[in-house]
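Structural description and commentary
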Amino acid sequence: MLSFKLHIQPFLSRSKNVTNSDDLMCPFQTKAIEIKEEFDKVFGETYPDYLDKNRPNEKPRFKQYRADIYKNPFLTLLDDIEDALDYIREADDYAIIWAENEEAELLKSYMEPRGASTWEEFFFENVKDAYIQDPNAVLVVLPVVQPKSEVERYQPVKEIIPSANVLRFERDKFAVLESERKNLIQSGNHSIRDGRILYFMDHESFTVAEEVSVDGRRVWKVWGLREVLVDNQQTQQVFSPLRHQCGTLPARKVGKKLKKRDAYGNELYNTLFQRVYPHIKDAQARYNDIQVEIIHHIHAQEWRVALNKCSNKECKDGDIPQRDEEGRLLPNVKVQCPDCKGTGHDLNNSGLDVLIFSMAKKMGYTPEQGSVSLPQVPGGFIPRPIESLQELVKEYERLEKKVYAGMKMLFALQTPEVQSGVAKSKDREEMYRMLVKHSSHLCGLLQWQYEMGARWMLLKEADNGIPSVVMPIRFDLSNAEETRSMLNDAKKNGYATETVLLLEKKVLEDNTSKDSDYYKRYQLRTQLDPFLSLTNEAKMYAFAFLPRIAKLGSPEYKLLVREYMFSMYFDRNVNKALVKNENFLDLPIDQVAKVLWELTDELANSIPDTLMPDMVLNAPVDIKNNKQL
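Before going into details, it helps to say that this report is about the structure given with it. (Residues numbered from 1 in each chain as written. Predicted model: local features only at pLDDT ≥ 70, side-chain atom pairs only at ≥ 80, totals over all residues. Heavy atoms only, no water.)

What about the overall build of the chain?
Scanning the chain from terminus to terminus reveals 18 helices and 23 strands. Per-residue burial over the chain gives 38% buried out of 629 residues. Counting contacts in the chain only where the partners sit at least 6 residues apart, residues at least 24 apart contribute 65% of the total. By element, 50% of the accessible surface of the chain is carried by carbon and sulfur atoms, the whole surface being about 37,500 Å². (Helix = DSSP H or I, 4+ residues; strand = E, 2+ residues; numbered from the N terminus. Buried < 20%, exposed > 50% of the residue type's maximum accessible area, 1.4 Å probe, protein only. Contact = heavy atoms within 4.5 Å. Areas by Shrake-Rupley, 256 points an atom, 1.4 Å probe, with all protein chains shown as cover.)

Here you go:
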């Protein structure tokens, strides 16, 4: 049970920016913030400071130039991981199953309101991002508005508390969290939104402390804290924390890769990318080198032949004396010559200008004078070898492969032309196993979120209304081209019918989407066709042998005829049903089946009881080709 003096007052009387010298705060808070800041640097768009440490002797202006042209090549890796985790929700076997009772209906109406964000959407938009970027963030579920009466239900909300705001967190025991929401505080004639909101909780009670303004002063308003009169007519503060029925701490860290945990339940988690950070940083440095090398290779250092000194009479070695506004010389003050740009020689403005040389005279110790010999090319660019750029590209590609291999996503860098089927299968299998692990953690966290919300709202009846989150275990990591190749291979080699059907359905999904009529029609056939695995020719052969299976005119015979006609006329009946109702494919499966059987009966009921199928069947083999026998 929470104690005001022991658990709450120390945090309220403590300044927000004070150091953790009294060990009141979480011992891993500083490390958790560093993990988040390192992630922001590694996957940020600005030049990270850790690259400066790789080039300690580089001049500041060169470092600034590198920072100006810096591009992070691993932003796509972050997108790939986010897309992979988003696919959990899109998997065929992922589902949220609600019970059919009063409690579940009440909870569902609150967590899945029409036209508003659902709890599931919040999870895959906010909790998923925190899971990637800030694993020491905390998912908390609790009410933020105090009920007005004892009969009023709690209205829980879900919130992500970033690691910088996790003041204390002992797993399943005790937590102090600062919300990112702020209260309005009156300051003079205007209001500012910087009033702090703190959540205190343990496994059986909780309270909320809000910073508000009263008569121009900042004070703390604590749920459950009230003043009562004592015998001497003086007031005394009495604290009664609010109880909850969660059965555990209604807050949990979102991370999965545990780095450290102490005896008190304090935890520290690493990001998913922690093990590949060294490779990412080295690859970023090489990529930045490539950017600089390409620019230097295209715009190499220019050189010119200079035969004459600068024509400015005041220029001396590229400097001229500076004058004041009245034209008087300033003693010992020199500036760069505007004519020669500090070189001390006559130069043209651009390499595209005409180069004009006045031939200097060769001066010596004899009175004879002669012309200075001019080189064949009086200017140009210093050549840079392309080999250095090629080696940098090779080193970057090597490091890039290490990064993607460490994240089990090497197949994302490979194309079908350069990777064998065995290699693609192995790489995808590693990614598949990784997705199953992430799916297990995230779906478990989502299930916990629903459970906490139910226990706040439904109290003791929560078990009747908690939905079940079905964790997906089937992930398809192949693209449309590979799926078509797998389908052709399955048909060619006579794979099981179920395998062929799954691949056909996947091809339809890749080309038309699950919402198309083509996909829905195929899905409907797999659910209703009693002879799905038979081709039309095989159905006709089987239909011809019906008299050998059942007696003509018997109920069994009529039933078989009806089922074969249902299968053979399936597409015809679906088309007729769509003419009458364009939303026919969206109806419940039992209604769809009823309509199709009725359309089949329109044909089957008119067949005489003693009808014998009158058809000529071709031999199953070519008699002339005795090699088939």
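Topic: the pairing of strand β7 (residues 190-195)
Along any regular strand, the residues point their side chains to alternate faces of the sheet. Inspection of the sheet shows strand β6 (residues 183-187) paired to β7 by five bridges, in the antiparallel sense. Pairing of Leu184 across the sheet is with Arg193, part of β7. The hairpin formed by β6 and β7 contains two residues between the paired strands, and Gly188 there has a positive phi angle of roughly 70°. (Pairing = 2+ DSSP bridges.)

Remarks on helix α17 (residues 570-580)
Among all positions of α17, only Phe570, Asn573, Val574, Ala577 and Leu578 are buried. Down the axis of α17, the buried side of the element spans an arc of 135°, and every buried residue falls inside it. (Arc of directions from axis to C-beta.)

Details of the nonpolar core
For soluble globular proteins, the rule of thumb is that nonpolar side chains tend to be buried together. Ranked by internal contacts, the top residues of the largest apolar core, which has 87 residues, are Phe43, Leu77, Leu177, Met201 and Phe273. Broken down by element, this core gets its largest block of residues, 14 residues, from helix α9 (residues 421-458). With near-sequence residues (within four places) excluded, Met201 lies in contact with Leu2, Val140, Leu142, Lys173, Phe174, Ala175, Leu177, Phe206, Leu249, Pro250 and Ala251. Phe11, Leu167, Ala209 and Val222 belong to the second-largest nonpolar core, a separate cluster that totals 15 residues. (Core = buried A, V, L, I, M, F, W, Y, C linked by side-chain atoms within 4.5 Å.)

Here we look at the packing of aromatic side chains
Here the structure, examined in full by the defined rule, presents 19 aromatic pairs. Their ring planes at 40° and their centres at 5.0 Å tell us that Phe39 and Phe43 sit as a pair that is tilted. Accessibility assignment for this pair places Phe39 and Phe43 in one class, buried. Relative to Tyr450, the ring of Trp98 has its centre 5.8 Å away and its plane inclined at 80°; by these criteria the two rings are edge-to-face. On the criterion of sequence distance, the pair formed by Trp98 in the loop between β1 (95-97) and α5 (102-111) and Tyr450 in helix α9 is long-range, its members being 352 residues apart. Tyr450 matches Trp98 in its accessibility class, with the two residues each being buried. Three or more aromatic residues joined by ring pairs form one cluster here, namely Tyr154, Phe206, Trp223 and Trp456. A cation sits over an aromatic face here: Lys158 above Phe122, 5.4 Å from the ring centre. Here the basic side chain of Lys281 rests over the ring of Tyr50, its NZ or CZ set 4.8 Å away from the ring centre. (Phe/Tyr/Trp six-rings, centres within 6.5 Å; stacked < 30°, edge-to-face > 60°. Lys NZ or Arg CZ within 6 Å of the ring centre and 35° of its normal.)

Things to note about the sheet that holds strand β3 (residues 156-161)
Taken in spatial order, the three strands line up as β3-β2-β14 in an open sheet, and their pairing is antiparallel. Strands at the two margins of the open sheet, each flanked by one partner only, are β3 and β14 (251-253). Between one strand and the next, the sheet's axes are offset by a mean angle of 20°, whatever the strand orientation. Both strand β2 (residues 138-143) and β14 contribute to a ladder of three bridges, which runs antiparallel. Bridge pairing in β14 links Leu139 to Arg252. (Axes fitted to C-alpha atoms, helices over the stretch in contact; angles between N-to-C directions.)

Considering the packing of α17 against helix α18 (residues 589-604)
Where α17 meets α18, the axes come as close as 9 Å, and the angle between the chain directions of the two elements is 115°. Crossing of α17 against α18: the hand is right-handed. Across from Phe570, Arg572, Asn573, Val574, Lys576, Ala577 and Lys580 in α17, the residues of α18 making contact are Val595, Leu596, Leu599, Thr600 and Leu603. Looking at the contact of α17 with α18, its residues break down into seven nonpolar, two polar and three charged. (Left-handed = near helix turned anticlockwise from the far one by under 90°. Nonpolar A, V, L, I, M, F, W, Y, C, P; charged D, E, K, R; others polar.)

Regarding the packing of helix α14 (residues 536-544) against helix α16 (residues 555-568)
Packing of α14 against α16 leaves a shortest axis separation of 11 Å and a crossing angle of 165°. With respect to each other, α14 and α16 are oriented roughly antiparallel. The handedness of the crossing between α14 and α16 is left-handed. Two secondary-structure elements touch here, α14 through Lys539, Met540, Ala542 and Phe543 and α16 through Val561, Tyr564, Ser567 and Met568. Residues of the contact of α14 with α16, tallied by class, amount to six nonpolar, one polar and one charged. (Parallel < 35°, antiparallel > 145°, perpendicular 65-115°, else oblique.)

Concerning the side chain of Asn136
Relative to the assigned elements, Asn136 resides in the loop between α6 (119-133) and β2. At a separation of 2.7 Å, a polar atom in the side chain of Asn136 contacts the main-chain amide nitrogen of Tyr269. With near-sequence residues (within four places) excluded, Asn136 lies in contact with Ala32, Ile35, Ser163, Val166, Lys253, Glu267, Leu268 and Tyr269. (Polar contact = N/O pair within 3.5 Å; in protein donor to acceptor, adjacent residues only side chain to side chain.)

Points about the environment of Phe74
You can see Phe74 is positioned in the loop between α3 (60-69) and α4 (75-90). Owing to a relative accessible area of 0%, Phe74 belongs among the buried residues under this scheme. In sequence terms Phe74 and Val403 are 329 residues apart; their C-alpha atoms lie 9.4 Å from each other. Beyond its immediate sequence surroundings of up to four residues, Phe74 is in contact with Phe43, Ile280, Ala283, Gln284, Tyr396, Glu400, Val403 and Tyr404.

Brief notes about a positive patch on the surface
A cluster of basic residues, Lys256, Lys257, Arg275 and Lys437, forms a positive patch at the surface. The residue Arg275 is located in the loop between β16 (267-270) and α7 (277-298) in this model. A residue is classified by how much of its surface remains accessible, and Arg275, at 49% relative accessible area, is partly exposed. (Patch = residues over 30% accessible without salt bridge, like charges linked within 9 Å, V, L, I, M, F, W, Y side chains within 5 Å. Salt bridge = Lys/Arg side-chain N within 4 Å of Asp/Glu carboxyl O. Lys, Arg positive; Asp, Glu negative; His and termini not counted. Charge placed at Lys NZ, Arg CZ, Asp CG, Glu CD.)

Here we look at the pattern of salt bridges
Counted by the stated rule, this structure contains 31 salt bridges. Across the salt bridge formed by Glu267 and Arg171, the nearest N and O atoms sit 3.4 Å from each other. Within this pair, whereas Glu267 is found in strand β16, its partner Arg171 is found in the loop between β4 (166-170) and β5 (174-178), the two being separated by 96 residues in sequence. Close ionic contact of Asp601 with Arg562 constitutes a salt bridge, the shortest N to O distance being 2.5 Å. With Asp601 in helix α18 and Arg562 in helix α16, this pair connects stretches of sequence that are 39 residues apart.

Observations regarding helix α2 (residues 29-42)
Between its terminal C-alpha atoms α2 stretches 20 Å, which fits the 20 Å expected from 14 residues at 1.5 Å a residue. Where the residues of α2 are buried, they touch α4, α6, β4, β16 and α7. (Expected span 1.5 Å × (residues − 1).)

So, unusual backbone geometry
Phi is positive for Asn332, close to 60°, though the residue is something other than glycine. Relative to the helices and strands, Asn332 resides in strand β19 (residues 329-336). The exposed category is assigned to Asn332, whose relative accessible area is 84%.

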